[in-house]
Amino acid sequence: MQSVFSHRHVIAADIRTQISTGRIKAGERLPSEAQLASHYTVSTATLRSALAVLQGEGLVEKIHGKGNFVRYPLGRITYVGGGRSTKAASAAESALRVSVRTTNLQAHGQLIGLLRVSANSPLTEYFCLSDDGTSPHSLARIYVPHDLSPADLPEESPCFNCIEARLAELRPPLAEVRERVTARPPTPEEAATLRISSALAVLSITRVAADNTGRVVEAALLVLPGDRADAFFTTHHMPEEKRKSG
């Protein structure tokens with residue numbers, strides 16, 4: 001066990017050094033796992049364990065059917081909580097593209113409780129995936145009651161801001177936004193979509209917005225990889241005199 005542990009970290013350290021010194025460049029494909037195992041004279045299982053260390057550090061990503069690649073440096077994503085927007089904001093946000101896939105479905109599972117609707121109530125899901133042209137950055141699933149969703153939106157769209165503006169036109173003014181932040185392992189689907197290691201924690205944000213009647217008009221499930229995500233929340237304290245008069 002100690003030998004396997006030692007080999008794994010020696011291999012990871014060697015590949016890490018090659019990446020940091022530029023011998024292996026961003027976007028470059030690593031040799032096959034069989035070739036690397038032969039080069040380091042270890043088993044394929046030990047080699048994969050070493051690659052998992054690098055994947056967990058965000059240095060290497062495994063693309064199904066293609067192999068292991070050195071990741072491009074990724075800008076950090078900053079989610080600003082307590083606002084009125086469902087998307088993650090970032091200093092480099094202008095460089096990110098957000099593609100949106102629209103699907104009509106019926107309320108089921110946790111959606112029933114999040115949106116406070118009965119089972120099988122009609123909803124619209126907006127699946128949003130952001131990327132910088134080389135790697136995915138984050139994903140979000142946004143759910144709204146079907147009557148608050150524009151009827152003429154395309155199934156696929158490259159413009160999230162356009163869809164968000166249309167949703168805001170139909171949606172009543174928001175009176176309450178509740179957000180829950182959790183750090184957890186990614187699901188297999190999330191790991192595959194974001195091209196991250198299953199060992200890398202993600203920041204999971206559940207955001208529920210309601211109007212002044214208490215009706216939930218939107219629920220968003222956001223997933224941000226833990227190696228590039230920050231979340232900021234600002235609390236505005238009400239003056240004592242205003243609280244008493246209210």
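Sequence order as written defines residue numbering, which begins from 1 separately in each chain. Per-residue local features are limited, in this predicted model, to residues with pLDDT of at least 70; the limit for side-chain atom pairs, both in listing and counting, is 80 or more; totals at the level of whole chains, interfaces and linings are taken over all residues. Side-chain descriptors were evaluated using all non-hydrogen atoms of the structure, hydrogens and water having been removed beforehand.

Draft legend 1. Region of interest: the overall build of the protein. By the criteria applied, helices consist of DSSP H or I runs no shorter than four residues and strands consist of E runs no shorter than two, each listed in order from the N terminus. A count of helical and extended segments in the protein gives 7 helices and 11 strands. Remark: exposure states derive from per-residue accessible area (1.4 Å probe, protein chains only) relative to the maximum for the residue type, with buried under 20%, exposed over 50%, and partly exposed in between. Put simply, the protein has 246 residues, and 41% of those count as buried. Sequence-distant contacts, at least 24 apart, represent 62% of the contacts inside the protein between residues at least 6 apart. By definition, residues are in contact when any of their heavy atoms lie within 4.5 Å.

Draft legend 2. Molecular detail of helix H5 (residues 160-170). Of the positions making up H5, those classed as buried are Phe160, Ile163, Glu164 and Leu167. One side of H5 carries all its buried residues, which in axial view fall inside an arc of 100 degrees. Close packing links the buried residues of H5 with strand E4 (97-106), strand E5 (122-131), strand E6 (136-145), strand E7 (156-157) and strand E10 (216-225). Arc definition: it is the arc formed by the directions from the helix axis to the C-beta atoms.

Draft legend 3. Highlighting the pairing of E4. As defined by bridge partners, E4 adjoins E5 across 10 bridges and the pair is classed as antiparallel. The residue of E5 that forms the bridge with Gln106 is Pro122. When DSSP locates at least two bridges between a pair of strands, those strands are taken to pair. As defined by bridge partners, E4 adjoins E7 across 2 bridges and the pair is classed as antiparallel. For Arg101, the partnering residue across the bridge sits in E7 and is Glu156.

Draft legend 4. Examining the nonpolar core more closely. We define a nonpolar core as any set of buried Ala, Val, Leu, Ile, Met, Phe, Trp, Tyr and Cys residues linked to one another through side-chain atoms lying within 4.5 Å. Among the nonpolar cores identified, the biggest contains 18 residues, and Val100, Tyr126, Cys128, Ile142, Ile163, Leu222 and Leu224 are the most heavily contacted of them. Taken together, the elements giving at least two residues each to this core come down to strand E3 (77-81), E5, E6, H5, strand E9 (202-211) and E10.

Draft legend 5. Local environment of unusual backbone geometry. The phi dihedral of Thr41 falls on the positive side, at around 50 degrees, and the residue is not glycine. Inspection of the secondary structure puts Thr41 in the loop between helix H2 (33-39) and helix H3 (44-56). The phi dihedral of Arg116 falls on the positive side, at around 55 degrees, and the residue is not glycine. Structurally, Arg116 can be placed in the loop between helix H4 (110-115) and E5.

Draft legend 6. The pattern of salt bridges, seen in detail. Throughout this description, the term salt bridge denotes a Lys or Arg side-chain nitrogen within 4 Å of a carboxyl oxygen of Asp or Glu. Applying the stated criterion to the full structure yields 16 salt bridges. Taking the shortest distance from any N to any O, the salt bridge between Arg71 and Glu61 comes out at 3.9 Å. Placement of the pair is Arg71 in the loop between strand E2 (67-70) and E3 and Glu61 in strand E1 (residues 60-63), with a sequence separation of 10 residues. The pair formed by Arg71 and Glu61 is uniform in burial state, with each residue classed as buried.

Draft legend 7. Structural detail: the sheet that holds E9. The strand order across the open sheet built from 7 strands is E7-E4-E5-E6-E10-E9-E8, with neighbouring strands paired in antiparallel fashion. Two strands in the sheet have a free side with no partner beyond their single neighbour: E7 and strand E8 (174-184). With 10 bridges joining them, E8 and E9 adopt antiparallel strand pairing. Within the sheet, the bridge partner assigned to Glu176 lies in E9 and is Ala210.

Draft legend 8. Focus on H3. Look at H3: 18 Å from first C-alpha to last across 13 residues, which is about the 18 Å you get at 1.5 Å a residue. Turning to H3, its buried residues are Thr46, Leu47, Ala50, Leu51, Val53, Leu54 and Gln55. Just beyond H3, the residue with positive phi is Gly58, at close to 80 degrees. To estimate the expected span of a helix, subtract one from its residue number and multiply by 1.5 Å.

Draft legend 9. The environment of Val144, seen in detail. Among the secondary structure elements, Val144 is positioned in strand E6. Overall, Val144 belongs to the buried group, its relative accessible area being 2%. Sequence-distant contacts of Val144, defined by excluding residues within four places in its chain, comprise Leu123, Thr124, Tyr126, Ser149, Leu167, Val217 and Glu218.

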